[in-house]
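Now for the letters of each chain:
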Amino acid sequence: MFPIMVELQNKKVVVVGGGRVAYHKIKNLLRFNVHVHVVSPEFHNGILELANQKKVTLYQKEVEYEDYQDAFLVITVTDSRSVNEKVAKTANHLVVNAENPELGNSIVPATLMRGKLMISISTGGASPTLAKQLRNQLADQFDDSYESYLDFLYEVRSLVKSKSLHADTRKRLLQEVVQPIYLESFEERETFLRKLEDY
Ligand SMILES: C[C@@]1(CC(=O)O)C2=NC(=C\c3[nH]c(c(CCC(=O)O)c3CC(=O)O)Cc3[nH]c(c(CC(=O)O)c3CCC(=O)O)/C=C3\N/C(=C\2)[C@@H](CCC(=O)O)[C@]3(C)CC(=O)O)/[C@H]1CCC(=O)O
Ligand SMILES: NC(=O)c1ccc[n+]([C@@H]2O[C@H](COP(=O)([O-])OP(=O)(O)OC[C@H]3O[C@@H](n4cnc5c(N)ncnc54)[C@H](O)[C@@H]3O)[C@@H](O)[C@H]2O)c1
């Protein structure tokens, strides 16, 4: 599978099934400000609560092709293997089959977010538990300080791109800012930004 980060805002995302696992997948999608359409005869209480908060739209029914034919992403997570398989086989774009990854074309990795830094881990469905364990191990190494550090890196990159610098200078500056000192020290970041303004 080819790894890629996909923007889902303003895309139609449909979750088929409204149980415990659907609730977990929906909460993950909501972290990325995605509005989710959920199709299911019954809903987990957490999903009903999200609907009250207008974060998801519910369709209380058994799924039909029309519910997901124009969806950019479908996650099929019912407790019926045949329903999941039918949805996975007929979906037109991205589809996650939460029961059998081989029948979908996408999987949801375990993800660590530190602002603009995102580390996603997949085991290709071999062990979601290992993916989760590795993510939790990395959480200590990549602590909260990465959030402001990534904002700094973004600012540096934007400034460097806005100036007409020689390719070598540009490369040298972009390499310098990934030295550990800039992760550790706000003062060094400020000094670097001031220096950059003189270029
Ligand atoms: C990473 C994570 C992301 C997320 O969901 O956010 C994720 N599953 C997570 C947890 C988890 N899932 C399961 C358990 C119980 C232990 C176990 O069974 O191992 C635990 C552990 C727990 O909950 O602690 C059960 C399970 N999962 C799948 C099947 C079907 C099958 O085996 O094929 C079954 C058996 C169902 C059954 O038999 O009842 C399938 C998939 N699960 C995936 C993702 C995709 C592959 C990811 C990869 O390996 O690359 C894939 C293929 C499809 C998809 O859903 O995208 C999230 C943890 C991260 C987090 O917490 O952040
Ligand atoms: N990928 C993962 O991370 C993961 C983890 C655990 C389990 N699973 C799999 O996820 C599936 C669901 O597990 P669960 O614990 O949420 O089950 P659940 O029983 O809590 O929920 C199943 C939901 O499917 C709905 N449903 C049934 N028939 C439907 C239909 N025709 N159309 C639309 N919705 C329908 C039900 O109303 C219910 O809301 C299981 O197949 C399980 O093997 C996946």
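Please read all numbers here as calculations on a predicted model, not as lab measurements. (Residues numbered from 1 in each chain as written. Chains lettered and ligands numbered in written order. Predicted model: local features only at pLDDT ≥ 70, side-chain atom pairs only at ≥ 80, totals over all residues. Heavy atoms only, no water.)

Draft legend 1. Spatial organisation of the site of ligand 2. In the vicinity of ligand 2 lie 19 residues, with Gly18, Val21, Ser40, Glu42 and Val63 positioned nearest. In the model, an oxygen atom of ligand 2 is placed 3.1 Å from a nitrogen or oxygen of the glycine 18 main chain. Contact distances for ligand 2 include 3.5 Å between an oxygen atom and a side-chain N or O atom of aspartate 79. Considered on its own, ligand 2 offers 870 Å² of accessible surface; in the complex 69% of this is hidden by protein. Residue contributions to the shell around ligand 2 peak at three residues, all from helix H1 (residues 20–30). Looking at the shell around ligand 2 residue by residue, the classes come out as eight nonpolar, five polar and six charged. (Near = heavy atom within 4 Å. Polar contact = N/O pair within 3.5 Å; in protein donor to acceptor, adjacent residues only side chain to side chain. Areas by Shrake-Rupley, 256 points an atom, 1.4 Å probe, with all protein chains shown as cover. Helix = DSSP H or I, 4+ residues; strand = E, 2+ residues; numbered from the N terminus. Nonpolar A, V, L, I, M, F, W, Y, C, P; charged D, E, K, R; others polar.)

Draft legend 2. Structural detail: the side chain of serine 185. For serine 185, the position within the fold is in the loop between helix H8 (180–184) and helix H9 (186–197). At a separation of 3.3 Å, a polar atom in the side chain of serine 185 contacts the main-chain amide nitrogen of glutamate 187.

Draft legend 3. Here's a closer look at the pairing of strand S4 (residues 73–76). The side-chain alternation of S4 yields two buried faces, one formed by Leu73 and Ile75 and the other by Val74 and Thr76. Here strand S1 (residues 13–16) pairs with S4 via four bridges, running parallel. Within S4, the residue paired with valine 15 across the bridge is isoleucine 75. As judged from the four bridges shared by S4 and strand S5 (residues 94–97), these two strands associate in the parallel manner. (Buried < 20%, exposed > 50% of the residue type's maximum accessible area, 1.4 Å probe, protein only. Pairing = 2+ DSSP bridges.)

Draft legend 4. Region of the structure containing the layout of surface pockets. By volume, the largest pocket amounts to about 1100 Å³. As for the largest pocket, its lining consists of 31 residues, of which Ile4, Met5, Val6, Ile107 and Pro109 are closest to the centre. Contributing elements (two or more residues each) for the lining of the largest pocket: H1, S4, S5 and strand S7 (117–121). Space inside the second largest pocket adds up to approximately 710 Å³. His24, Lys25, Val108, Pro109 and Pro128 are the residues nearest the centre of the second largest pocket, which is lined by 24 residues in total. (1 Å grid on protein atoms, 1.4 Å probe; cavity = no way out; pocket = protein on both sides within 12 Å on 5 of 7 lines; lining within 4 Å. Points joined across faces, edges and corners; volume = space filled by probe spheres on them.)

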